[in-house]
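Descriptive analysis of the structure
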Amino acid sequence: MQISTETRNTTKCMIEACFLLFLFHYVFSLLMSSAEVGGYALTFYDLRLPLFTALLVLYGVRAMPALGLLFIYSLNTQSVLQNLTVYSQLLAASISCLIYFISVGSKGAVSFGRYKLTFHRIGWLVVFNSVVFEFVHQLMLFLFHFDEVLYGDFFSTKNLINIQWMMTSCLTGVPFCYLILRCISNTAWCSRYLNEQKKIIFSGSRVVYRIIWLCSLIGIMYCLLSTKHIFLLFTGYGLLLLLPIMVWGTVTIGHSFIVPIWSAILILLGFHSDGYIQYNYAISELEILEPLATASATILVVSFSLVLSGVLVSSNRSYIKKITRLMLTEYYTGLPNVYALKRSLVEYPGAGLALIHCPELWSLTQTHGLSIRFMFVKSLTAYLLPHLQDNEDIYYQPGYGLYIRLGTPDKEHIHNIYSLVKAYRFSYGKNTFGINSGLTYMLSLPEKYNLLMIVGKLSAVAADSINSEVPVMVTWDDNECLTVASNITSNDNIRSELQSAVDNQSFVLMAQPIISSSTDSYYHEVLIRIRNKNGKLLFPDSFLPIAAQAGILAQLDMTVIEQTFRFIQSLDESKSESKFSINLAPRTLHHIYFIDHLTVLFKKYEISPDRIIFEIVETDIIDTKVAALKLEKMRSLGCKIAIDDFGTGCSSYSRLEEIEADILKIDGSFIRKILHDDLNHFLVRSFCTVAKIKKMQVVAEFVENEEIRQELIRIGVDWLQGYHTGKPVPIEEVIL
């Protein structure tokens, strides 16, 4: 018959518990201290009851056979009076542990020092345990007619002294015995525990303070154990000085380190109680018992202070570790973040750094939600970790990607990592994705570096890796670092200049004429520039993307509209028929108060709406229905609407069915090739045909020479715009 693993483990634990119980019961019996005072036996520090309690906490019901064997062994080897003490301790430990486990459940067997279990353990394993033992012990003495050792009243001073010492024994002895038993029974746990205590001890206070603490402790103990009562420190008064000394050691060095020391001190104090109390020379019973009661109470208070302060310190350390762990990890994935990366780079000087950038995750996030992003990151990390070197790790920063701290990499290792990334397939529900990714890396970081700058540069060149489908190596030197810093500052300056232009309405307005192909009529398109602090003009292609990224396109458009209206208002009455075309970002149409603000500006500057044409790029329109509604309201005010850059989007024709406009502007890319490319020539003619069907006028951009102008007139284009018909000039210099 084969014995199950559970049965073998249970049997092993029983044998182990039996061996440990008999071994330490013998040792602690030798270390027990007691004294006969006035014909009564007073027990000082006794670790036998804590031993039984700790054994039951650690092994549970599997410790009962060992306790039963001890009961039988004591019955045959000790006197009746000694057996009554052991039996009382066994019964008290069993009852208190039973109630303790009923109140806290199986988690009660965990290591001591847990804040949530502290009061349960003090209540049941210390106070209740000690009181039950003393009560049962007194009851057994009475039942077995040991009248000569009875203390009479249960609440007598003699019983109070014994209870206080027993509480002290349980308060310090139970965790002390538990620590010894668990270290012997579980060597792996012991190793982890010792390593943890080593970190705590060596990360504590300065060495000089520890030396002072040790010298102070040795000095006080010498005074307490000495029989020469030279001055007050050699009496029980010295016990009071142990409190600040031991509490300081608990807080700065560590509770687990102080507990064995304090247990050894209590054993010494128990054996040499007559040294600091001198009850042997007292005359009356009151002179004997009063200092003993005071001393036992003082020691109990010190012990309580040590335990509670130790638990609080351990709880605070655990809380700080938890906060630190949260600070160093990304919340949703649990992976170490960029702060953890910064710390690890200090531990690994000269390490390399790689970035896996997955921009496709943004579109997947918009479709499936944020959960797919975090699931992909965790899944890819688990996939890559087994293939990394021992001294490498992965970090995650939302918005950038996965960072790999490289150990001693070479290009082959980097290419292997990238091959794994490219081959990886991610399953989400019923779908399987191959996420397009780029990898950029630096083989070795310089001695002095700015991590955020390096991260920014790796991210900036990630697109090159995605397009070329090979890892891109980034090199770094002082000169390049300065160049990157300069570029970053330049972008910041553009953002600052842009904000200033919006706030101060200081855009430089340019105007380019748009002339009629059949009459002398014309109007002007308003173009914008920004003049920086150095007097240089910045063109829209340098600041419009930044405005879009910053989300201030609507503010920019309203500023340009108001500046244009102010200029129109400044014109004399002879130029009251002049018309201007203003570009408008489609995002501005989605601004909830745009029409209201526009109406206010028309009234404020007394501008007739029929003098204003608003140009919209139809391919940038996000919501056609919203845009169509806003454009219709603008037309109802009297404004005209032009569709700009027509032909560049595949949805251009379908958009014309939904959006009503007055003017169609053909993109210049078609106009430039009209003389030499039959396809472009045909497209321009078709655009004109569509415009006539929709009763729209046609504007052609990029009219660069007379040949193009003549051909456009022949095709039937209504308006012409380009360097051949007129270059942009400051709006103040426009001849109307």
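Residues numbered from 1 in each chain as written. Predicted model: local features only at pLDDT ≥ 70, side-chain atom pairs only at ≥ 80, totals over all residues. Heavy atoms only, no water.

Of all five residues in strand S8 (residues 438–442), five are buried, a share of seventy percent or more. Side-chain alternation along S8 places Gly438, Thr440 and Met442 on one buried face and Leu439 and Tyr441 on a second face that is also buried. Strand direction decides the pairing type here: strand S3 (residues 352–357) and S8, joined by five bridges, are antiparallel. Following the sheet pairing, His357 is matched in S8 by Gly438. Judged from the two bridges that link them, S8 and strand S9 (residues 472–473) form a sheet pairing that is parallel. Looking across to S9, one finds that Thr440 is bridged to Val472. (Buried < 20%, exposed > 50% of the residue type's maximum accessible area, 1.4 Å probe, protein only. Helix = DSSP H or I, 4+ residues; strand = E, 2+ residues; numbered from the N terminus. Pairing = 2+ DSSP bridges.)

Its location among the elements puts Gly350 in the loop between helix H13 (338–347) and S3. For Gly350, a relative accessible area of 41% puts it in the partly exposed group. Distance from Gly350 to Leu445, taken between C-alpha atoms, is 5.3 Å for residues 95 residues apart in sequence.

Across residues other than glycine, the phi torsion is negative in most instances, and most of the peptide bonds are trans. Within the chain, Gln505 stands out as a residue other than glycine whose phi angle is a positive 50°. Position of Gln505 relative to the elements: it lies in the loop between helix H19 (478–504) and strand S10 (508–516). Its relative accessible area of 24% is what places Gln505 among the partly exposed residues. Of note, the phi angle at Asp645 is positive, near 55°, even though the residue is not glycine. Tracing the chain through its elements places Asp645 in strand S15 (residues 640–646). With a relative accessible area of 22%, Asp645 lands in the partly exposed category.

A few words on the sheet that holds strand S5 (residues 401–406). The strands making up a sheet are joined through hydrogen bonds of the backbone, oriented either antiparallel or parallel. Across the sheet, which stays open at both edges, the five strands sit in the order S4-S5-S3-S8-S9 with mixed pairing between neighbours. Each edge of the open sheet carries a strand with a single partner, namely strand S4 (393–397) and S9. Lying over the sheet, H13 contacts S3, S4 and S5, oriented at roughly 145° with respect to S4. Contacts from helix H16 (residues 411–423) reach S3, S5, S8 and S9 within the one sheet, and its direction differs from that of S8 by about 160°. (Contact = heavy atoms within 4.5 Å. Axes fitted to C-alpha atoms, helices over the stretch in contact; angles between N-to-C directions.)

Next up on the list: the confidence of the model for the protein. On average, residues of the protein carry a pLDDT of 85, and 91% of them reach 70 or more. For the stretch residues 478–489, pLDDT sits under 50, and the model shows eight contacts to residues farther than four places along the chain or on other chains. (pLDDT = per-residue confidence, 0-100.)

Before going further, it helps to examine the nonpolar core. Within the largest apolar cluster, 86 residues are counted, with the highest numbers of intra-cluster contacts made by Leu242, Trp262, Leu269 and Tyr276. Ranked by the residues each element gives to this core, the list is headed by helix H6 (residues 157–185), at 12 residues. In this structure, Leu553, Met558, Phe567 and Val734 belong to the second largest nonpolar core, which totals 70 residues. (Core = buried A, V, L, I, M, F, W, Y, C linked by side-chain atoms within 4.5 Å.)

Together, Lys107, Lys116, Lys199, Lys321, Lys322 and Arg325 make up a region of like positive charge exposed at the surface. The leading source of residues in the positive patch is helix H12 (residues 285–327), at three residues. In this structure, Arg325 sits in helix H12. For Arg325, a relative accessible area of 49% translates into the label partly exposed. (Patch = residues over 30% accessible without salt bridge, like charges linked within 9 Å, V, L, I, M, F, W, Y side chains within 5 Å. Areas by Shrake-Rupley, 256 points an atom, 1.4 Å probe, with all protein chains shown as cover. Salt bridge = Lys/Arg side-chain N within 4 Å of Asp/Glu carboxyl O. Lys, Arg positive; Asp, Glu negative; His and termini not counted. Charge placed at Lys NZ, Arg CZ, Asp CG, Glu CD.)

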